[in-house]
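Okay, here's what each chain looks like letter by letter:
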Amino acid sequence: MKKSLPAEELARDERFRRVRMEERFTDPRGPGGGPSGGAGRITPTRPDAPDAVRGLMHGIFVGEIQALEGAGRTCWDFDEEQAPFALKLDMARQCWDEARRRDISEALRMDGYRDRRIR
Amino acid sequence: MTPASTARPAFAPWDRRELPGIFTVAESARRVGNYKWIEMRLFEALGGWVATIPELDVKMMLGRHCYHHAWHSELWHKRLPELRQMDQETMTVPPNDALAAFVDAMTEPEAKDLTIEKMVGVFRVLIPRKIAAYTYHLNATSTITDAPTIRSLNFVLQDEFTDWREGEMLVQSLIRSTEELERATKWQARLEGLMLEAGGIAGPDSVGSGPYESATQPAAQEVSAG
């Protein structure tokens, strides 16, 4: 396995569609456009609020996966002179944390983002 | 007439720990250094593979397991100075070149359609060897002088058993055709061959080198370790 994987080689299953950053910001459902747009704020009384919440949660979900990959690659890509042992241990711990956060996002999505407390 | 002593015995009657163990302090430290080395290589590889694996459940599992092995390496890192090895770096080595070659081979698969090979290397070849070597150490070492190592071994083995079971179930769920089965067995055979040459994660005597070694038991002062 090589060091320093290009971003376009990050592996995803067929459910994912890769989009460019500019597409993301011009998507009417995203923080850049639409009636709920602007700084990602959710206004529950607006008619498109459910879509906005889904968009926000999707962004968090994707971000957790990317953070997991970034932390994992830090463990692999660098030798101990570049990344000391203690840093690698922290990055490994972050892998676990990001994976759990992805689990939370996915569990909420599967549950339809219903109003329930996470115990 | 001397009154009967009311002092409690030095050891409780049910305490069956024994002083002698098979390993000298130096041998224990050598093994612990080997353990740290393989745990590091494993957590680094799992971290690197996360980005190359498209299956979401596998990706997340590796994120979790990556930390488990990092924590194991930290336990061994902290144990080394207690075994009179203040320079942890020089002790963090593979037992031989063959094990380094095994790790190089195990971490070769990179493409996103090679998840089976990645998982087989870890869960069908490496982790069973780790469980074997750790169990041998647990059973062979002094239950008094090497108790801190035993405590860590028990923590580590609990993770290894849990992770191995999860990984093996995953491999079984990934193999769905005879072609995939052939890929898995072929890859496993290649890695087993390299591991055979290495003798295990601590070298040729990873699980002992033959009959019970009581004849070579070191003197009591040699086994004392903090």
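Calculation notes
Residues numbered from 1 in each chain as written. Chains lettered and ligands numbered in written order. Predicted model: local features only at pLDDT ≥ 70, side-chain atom pairs only at ≥ 80, totals over all residues. Helix = DSSP H or I, 4+ residues; strand = E, 2+ residues; numbered from the N terminus. Buried ≥ 20, exposed ≤ 12 C-beta atoms within 10 Å, placed from the backbone. Contact = placed C-beta atoms within 7 Å. Expected span 1.5 Å × (residues − 1). pLDDT = per-residue confidence, 0-100. Arc of directions from axis to C-beta. Nonpolar A, V, L, I, M, F, W, Y, C, P; charged D, E, K, R; others polar. Axes fitted to C-alpha atoms, helices over the stretch in contact; angles between N-to-C directions. Parallel < 35°, antiparallel > 145°, perpendicular 65-115°, else oblique. Left-handed = near helix turned anticlockwise from the far one by under 90°.

1. A word on the overall build of chain B
And then number 1: Helix and strand counts for chain B come out as eight helices and zero strands.
And then number 2: Traced from its N-terminal end to its C-terminal end, chain B shows the element sequence α-α-α-α-α-α-α-α.
And then number 3: If you line up chain B on its principal axes, its C-alpha atoms span 85 × 35 × 35 Å.
And then number 4: The buried share of chain B, reckoned over its 226 residues, is 42%.
And then number 5: Of the contacts made within chain B by residues no fewer than 6 positions apart, 84% connect residues no fewer than 24 positions apart.

2. What to know about the overall build of chain A
And then number 1: Across its full length, chain A holds three helices and zero strands.
And then number 2: Start at the N end of chain A and walk to the C end: the helices and strands fall as α-α-α.
And then number 3: Out of the 119 residues belonging to chain A, those deemed buried represent 21%.
And then number 4: Excluding contacts between residues fewer than 6 apart, the proportion of contacts in chain A whose partners are at least 24 apart in sequence is 44%.

3. Quick notes on helix H3 (residues 85–110) of chain A
And then number 1: Counted at 1.5 Å a residue, the expected span for H3 of chain A with its 26 residues is 38 Å, and the 38 Å between its end C-alpha atoms agrees.
And then number 2: If you check which residues of H3 of chain A are buried, you get Lys88, Met91, Ala92, Gln94, Cys95, Trp96, Glu98, Ala99 and Arg102 of chain A.
And then number 3: Here the buried face of H3 of chain A lies against helix H2 (49–77) of chain A together with helix H1 (25–50) and helix H2 (56–82) of chain B.
And then number 4: Just downstream of H3 of chain A lies glycine 112 of chain A, where phi reads positive at about 75°.

4. Some points on unusual backbone geometry
And then number 1: For serine 4 of chain A, which is not glycine, the phi dihedral falls at a positive 55°.
And then number 2: Relative to the assigned elements, serine 4 of chain A resides in the segment before helix H1 (21–26).
And then number 3: Here serine 4 of chain A falls in the exposed class, since 8 other C-beta atoms lie within 10 Å of it.
And then number 4: Of note in this structure, arginine 84 of chain B is not a glycine but carries a positive phi near 70°.
And then number 5: Mapped onto the elements of the fold, arginine 84 of chain B is located in the loop between H2 and helix H3 (88–91).

5. Points about the environment of phenylalanine 61 of chain A
All names here are of chain A.
And then number 1: When you line up the elements, phenylalanine 61 lands in helix H2.
And then number 2: Taking the C-alpha atoms as reference points, phenylalanine 61 and arginine 101, separated by 40 residues in sequence, lie 7.8 Å from one another.
And then number 3: Residues within four places of phenylalanine 61 in sequence aside, it is in contact with Arg102, Ser105 and Glu106.

6. Re the confidence of the model for chain A
And then number 1: Taken as a whole, chain A shows an average pLDDT of 84; of its residues, 83% reach a score of 70 or greater.
And then number 2: When pLDDT is averaged over each helix and strand of chain A, the minimum, 80, is found for H1 of chain A and the maximum, 92, for H3 of chain A.

7. A look at helix H4 (residues 97–106) of chain B
All names here are of chain B.
And then number 1: Along H4, the residues classified as buried are Leu99, Phe102, Val103 and Met106. All buried residues of H4 project into a common sector of 95° when viewed along the axis, lining one side. Structural note: H4 exposes Asp97 and Asp104 on the side pointing more than 90 degrees away from its buried face.
And then number 2: On its buried face, H4 sits against H1, helix H5 (115–140) and helix H7 (178–198).

8. Let's talk about the interface of chain B and chain A
And then number 1: At the interface, 23 residues of chain B touch 25 residues of chain A.
And then number 2: Going through the elements one at a time, H1 and H2 of chain B are the ones with two or more residues in the side of chain B that touches chain A.
And then number 3: Partitioning the side of chain B that touches chain A into residue classes produces 11 nonpolar, five polar and seven charged.

9. Observations regarding the confidence of the model for chain B
And then number 1: For chain B, the average pLDDT comes to 92, and 92% of its residues sit at 70 or higher.
And then number 2: Of the two predicted TM-score estimates for the complex, the pTM is 0.89 and the ipTM is 0.87.

10. Some details on the packing of H4 of chain B against H7 of chain B
The axes of two packed helices give the description: the angle between them and the distance between them.
Residue and element names in this part refer to chain B.
And then number 1: Look at H4 against H7: their axes get within 8 Å of each other, and the N-to-C directions meet at 160°. Between H4 and H7, the angle falls in the class roughly antiparallel. As for how H4 packs across H7, the hand of that crossing is left-handed. Residues Ala98, Leu99, Ala101, Phe102, Ala105 and Met106 of H4 form the contact with H7, whose participating residues are Arg190, Leu191, Leu194, Met195, Glu197 and Ala198.
And then number 2: Among the residues forming the contact of H4 with H7, the class breakdown is 10 nonpolar, no polar and two charged.

11. Description of the environment of valine 103 of chain B
All names here are of chain B.
And then number 1: Tracing the sequence through the fold places valine 103 in helix H4.
And then number 2: Owing to 22 C-beta atoms within 10 Å, valine 103 belongs among the buried residues under this scheme.
And then number 3: Taking the C-alpha atoms as reference points, valine 103 and threonine 115, 12 residues apart in sequence, are found 17 Å from one another.

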